[in-house]
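Coordinates in review
One letter stands for each residue in the lines below.
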Amino acid sequence: MKPGLLIVYAVLGLILLITGWGVLKKHSIYPSTQVGYHVEDAIKSRKAWELANRAAGKLSLVCGVVVWLLMAVLWLTKASLGLCLGMLFIVAIAAVCLVIFVPLGLLRKNKGA
């Protein structure tokens, strides 16, 4: 893995970790929804707001750790540039989809909590 790509992985992981921590621990207290997971279903009730922010925060933290672990594995195995780029796009898209859509699915499953 090239050093520049290593930095991209590190920054992506850091963004996910900081975002996860912020959404999990520092989201606004309902009914203020200034900071946190913003979807219409999440702002319907205090319970929905807390559920959405906990889920999104935890998923973002897990995705950040996965990105850093993947970065370490690719670095240690001296993976090819193509593999590193491919995995970067796959993990970035997967992380964004997980963090956005899983909490939304939980909210809709629980009817807005």
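Residues numbered from 1 in each chain as written. Predicted model: local features only at pLDDT ≥ 70, side-chain atom pairs only at ≥ 80, totals over all residues. Heavy atoms only, no water.

Once that is clear, we can look at the state of the cysteines. Counted under the stated rule, the structure contains zero disulfides. Left without a disulfide partner, C63 is nearest to the cysteine sulfur of C97, which lies 10 Å away. The exposure class assigned to C63 is buried, which follows from its relative accessible area of 8%. For C97, a relative accessible area of 35% translates into the label partly exposed. (Disulfide = S-S within 2.5 Å. Buried < 20%, exposed > 50% of the residue type's maximum accessible area, 1.4 Å probe, protein only.)

Counting residues in each nonpolar core, the largest one holds 15 residues, and the members touching the most others are M1, Y9 and L74. Listing elements by their share of this core, those giving two or more residues are helix 1 (3–25), helix 2 (46–76) and helix 3 (81–109). If you tally residues by element for this core, the top one is helix 2, at five residues. With residues near it in sequence (within four places) discarded, Y9 still touches M1, V67, W68, L70, M71, L74, C84, M87 and L88. (Core = buried A, V, L, I, M, F, W, Y, C linked by side-chain atoms within 4.5 Å. Helix = DSSP H or I, 4+ residues; strand = E, 2+ residues; numbered from the N terminus. Contact = heavy atoms within 4.5 Å.)

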